[in-house]
There are 2 protein chains.
Amino acid sequence: MMDIPNPLVLKRPLFVPIKTLMGPGPSNCSQRVLSALSNPMIGHLHPECLQIMSEIKEGIKYVFQTSNDATMCISGSGHSGLESAMCNLIEENDVILVASIGLWGHRAADIAKRYGGDVRLVEATFGHSLTINEIEIAFKYHQPKIFFTVQGDSSTGLLQSNLKEIGELCHKYNCLFIVDTIASLGGTEFFMDEWFVDVAFTGSQKTLGAPPGLTPISLSMRAIECIRARKTKVKVYYFDILLIGQYWSCFSMSAIYHHTISVTLLYGLREALAQVCAEGLKAFIHRHQHCSYRLQQGLKDLGLEMFVKNPKERLPTITTIKVPFGIDWRKVIEYAMRKYVAHTQTHTHMYICEINIVNFFNRYCMEISGGLGSTVGKVFRIGLMGENATLERADLILNILHEAIESSKLDNNEKSKI
Amino acid sequence: MMDIPNPLVLKRPLFVPIKTLMGPGPSNCSQRVLSALSNPMIGHLHPECLQIMSEIKEGIKYVFQTSNDATMCISGSGHSGLESAMCNLIEENDVILVASIGLWGHRAADIAKRYGGDVRLVEATFGHSLTINEIEIAFKYHQPKIFFTVQGDSSTGLLQSNLKEIGELCHKYNCLFIVDTIASLGGTEFFMDEWFVDVAFTGSQKTLGAPPGLTPISLSMRAIECIRARKTKVKVYYFDILLIGQYWSCFSMSAIYHHTISVTLLYGLREALAQVCAEGLKAFIHRHQHCSYRLQQGLKDLGLEMFVKNPKERLPTITTIKVPFGIDWRKVIEYAMRKYVAHTQTHTHMYICEINIVNFFNRYCMEISGGLGSTVGKVFRIGLMGENATLERADLILNILHEAIESSKLDNNEKSKI
């Protein structure tokens, strides 16, 4: 018996507004990437699909600056890169030292614990990254098998800029080195091989400008040997690097079926990487840094204070700005996104109509983000990534942010009159 | 130092051929679905994104015929649905009884073992599904906490048609009931609630006609209570149903961030589900069954033998046909896909040019699949799913299959002359 009725909500057309995504990601995709997504389906083992995967692999090697054969994508969001790194390397009671400069260290620690890791945390002072001295002390004390750090933490806007030194330390202590470059890659230099990084992964939807859903990952020969020498099977079949690597033809010539990859997402990522290659990695990174510098100067001119005091510890891709005293951060974000339209959470249909009008009159529809984890209520987060890393966009967001803060002050004044 | 050079392969344009995908999936997407994929990015917590997720949830409830609140998608391929079911329900040493009517039972057993499950297998005779008697004997002997079965196995083309009875058995034995409907949903009836199914998941890229990458899943209150009562944390953060359910607003009103969902894939799945709803589930299933019947009749007329003897045990979505004696199955598949073009594996570039010409002259580019697992070399697999479940396509594939087999016979004759 068909008891569950045909849902009326699916009789309506799909509605997707056009927004400028200047939060911590996803970022806007280029028209080239969006158009590629509409290409027809092909099979996950067809030669044309394997060819695209091989091209993506070359692109990932380039952006990671690595010659690792074990370079591939995990079929999942950025989190799945972190899961894959942890579940392949960790066996019960392995000591893993996790650096924390924001939310992502804690997330990594949670995940490592689930796989039976003996997790030790080395935490930075709030608003700072870790010095090599702090890390070496932790190394001496904990003697870890694995060390994990982010290169950049999207929750705090911090850059862990001493990866080269950390890599040498890991080498010295014979420790496997995992780096999460989700929020940083493309906005700052990263040399996987030169810095002795054993596992690196990144997000597709940040500077690279592909849609989310595929996570580039690369593993050194040392990491692969460690996985091959495991006493127990990797817990998660879906994240089993040796099986995924076989599918990506990392270890032999012919691809062996592991799962049905999303060819749609392959099309998008392939085109996104092709655009980075067309620009050249050096120029690509320089553009992100240049725009970030312009944004930081502009914020200073507006009298706003950076959350990260030391300019060298600032992530170029995601900038964190202290919420000025007395300002309601929610109102500022709301203003940038939809100006005066506020009564939207409960009346979806009405809201959809309004958003359409907003788009029609070409209003802002601009995403500025609030804090995450320990920075909730304390910071605004502005992303200048991929298509949005232009001087024009940097100026635009400065204008809107300024206007939004001023408008929020006016609201306060009006309230105080009453 | 930039040691790894900019890859030349990414200077070429993206190449995606147009194919008719009549293997076991992915299936072709409709133009409505393909067009939706090009919509711009929005944030994974934006109200418009949550609205689309809520619409998808309604669509999934309808196709599963369930009123479960815990209805959502896993951000991964069909395998990730299986992983999620296993890793959320299984704790160390839990007895899980796995039914096997092909490859997928063995895959489920492998995954269950990785999570520490005490796996017991009940295997059907080759080419047959399991009787309720066989299953009840196994229940009595093993007293499982969890029972797993596929509704249809894509490797054998078998349908496990007694799910209603199995559901009653599970209810009687107080056992959790997991059903993999990846290959079957939309091609045959499925009543999640009425049949006491506790966890069901399906593929997006089969009858539903969305791209791969999101896996619809639904859990009964009993399954959720079992997960809530776990003594240990779910091993995989990425597949933690209680966290994913929070993101999909299954347990409360407001969505909490868990991972960055692929909005691109949401667009595609939303439109695919909308098309099923527009047709109506009953008509949708009937169309698949009608086409399968036509295909089976046609195969009989061609003198070809079905792998599954009993018509009631045949999966309507994926039909398995015995490879006739003396026929090289590889040649048949090759013929349907590219006719005389054979020297392609090693000369990718040449191959790409040829495929372009093939498309230009409107040749077949038709996918017929070989066997998988225990059926490799024994069967052809033909899928009539979603857009391809039409009488016209059924007739087309019959013609091509016949032509391909005859051509393969000619090849044999020529060889025997030499």
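Counting of residues starts from 1 at the beginning of each chain's written sequence and follows it residue by residue. The naming scheme follows written order: chains are lettered A onward, ligands numbered 1 onward. In view of the model being predicted, local features appear only for residues whose pLDDT reaches at least 70, and side-chain atom pairs are presented and counted only at 80 or more, with totals across whole chains, interfaces and linings using the full set of residues. The basis for every side-chain value is the complete set of non-hydrogen atoms in the structure, without hydrogens or water.

- In the nomenclature of an unreviewed UniProt entry, chain A corresponds to Alanine--glyoxylate aminotransferase from the organism Glossina brevipalpis.
- Taken from UniProt, the Catalytic activity (unreviewed entry) comment for chain A reads in full: "glyoxylate + L-alanine = glycine + pyruvate".
- UniProt positions are given in the numbering used here, feature names are shortened, and annotations may be inferred rather than shown by experiment. As recorded by UniProt, the Cofactor (unreviewed entry) comment attached to chain A reads in full: "pyridoxal 5'-phosphate".

**Considerations on the packing of helix H3 (residues 78–89) of chain B against helix H4 (residues 103–114) of chain B**
Residue and element names in this part refer to chain B.
So, step 1. In this analysis, axes come from line fits to C-alpha atoms, helices being fitted only over the stretch in contact, and the angle between any two N-to-C directions falls in the range 0 to 180 degrees. In DSSP terms, a helix is any run of H or I states spanning at least four residues, a strand is any run of E spanning at least two, and both are numbered starting from the N terminus. The interhelical angle for the contact between H3 and H4, taken along N-to-C directions, is 45°, at an axis separation of 10 Å. Between H3 and H4, the crossing angle belongs to the class labelled oblique. In the packing of H3 onto H4, the handedness of the crossing is right-handed. Across the interface between the two elements, His79, Leu82, Glu83 and Met86 from H3 touch Trp104, Arg107, Ala108, Ile111 and Ala112 from H4.
So, step 2. Residues that form the contact of H3 with H4 fall into these classes: six nonpolar, one polar and two charged. Relative orientations are named as follows: roughly parallel for angles under 35 degrees, roughly antiparallel for angles over 145 degrees, roughly perpendicular for angles from 65 to 115 degrees, and oblique for any other angle. Crossing handedness is defined as follows: a turn of the near helix away from the far one that is anticlockwise and smaller than a right angle gives a left-handed crossing, while the clockwise case is right-handed. Whether two residues touch is decided by their heavy atoms; if any such pair falls within 4.5 Å, the residues are in contact. For this scheme, ten residues count as nonpolar: Ala, Val, Leu, Ile, Met, Phe, Trp, Tyr, Cys and Pro. Four count as charged, namely Asp, Glu, Lys and Arg, and the remainder, Gly too, count as polar.

**With respect to the packing of helix H11 (residues 329–338) of chain B against helix H13 (residues 391–417) of chain B**
Residue and element names in this part refer to chain B.
So, step 1. Contact pair H11 / H13: the axes reach a minimum separation of 9 Å and the direction vectors enclose 125°. Taken together, the axes of H11 and H13 lie oblique to each other. Crossing angle aside, the handedness with which H11 passes H13 is right-handed. Within the contact between the two elements, H11 uses Lys331, Val332, Tyr335 and Ala336 and H13 uses Ile400, Leu401, Glu403, Ala404, Ile405, Ser407, Ser408, Asp411 and Lys415.
So, step 2. In terms of residue class, the contact of H11 with H13 is built from seven nonpolar, two polar and four charged.

**Side note on the UniProt feature "domain: Aminotransferase class V" (unreviewed entry) in chain A**
So, step 1. Per the UniProt record, the feature "domain: Aminotransferase class V" (unreviewed entry) sits at residues 41–337 of chain A.
So, step 2. Secondary structure over residues 41–337 of chain A splits into 42% helix and 15% strand, and the C-alpha atoms at its two ends are 35 Å apart.

**A closer look at the sheet that holds strand S14 (residues 379–383) of chain A**
Residue and element names in this part refer to chain A.
So, step 1. Reading across from one edge, S11-S14-S13 is the order of the three strands in this open sheet, with antiparallel pairing throughout. On the outer flanks of this sheet lie strand S11 (318–322) and strand S13 (369–370), each paired with one strand and no other.
So, step 2. In this sheet, S14 lies alongside S13 in antiparallel orientation, the contact comprising two bridges. When the bridges of S14 are listed, Gly370 appears paired with Phe380. In short, DSSP must find at least two bridges between two strands for them to pair.

**Notes on the interface of chain B and chain A**
So, step 1. The partner chain A presents 99 residues to the 100 residues of chain B that form the contact.
So, step 2. Overall, the association of chain B and chain A removes approximately 8300 Å² of surface from exposure, summing both partners, and the carbon and sulfur fraction of that is 63%.
So, step 3. Within this document, salt bridges are pairs made up of a side-chain nitrogen of Lys or Arg and a carboxyl oxygen of Asp or Glu, the two lying within 4 Å of each other. In this assembly, chain B and chain A are joined by six salt bridges.
So, step 4. A salt bridge links B:Asp240 to A:Arg114, with the shortest nitrogen-to-oxygen separation between them at 2.9 Å.
So, step 5. For the side of chain B that touches chain A, the secondary-structure elements that each account for two or more residues are helix H1 (31–36), helix H2 (47–64), H3, H4, helix H9 (263–279), helix H10 (281–301), H11 and helix H12 (348–360) of chain B.
So, step 6. In the side of chain B that touches chain A, the residues fall into 50 nonpolar, 28 polar and 22 charged. Buried area, as used here, totals the accessible surface that two parts lose on assembly, with accessibility defined by a 1.4 Å probe and the loss added over both.

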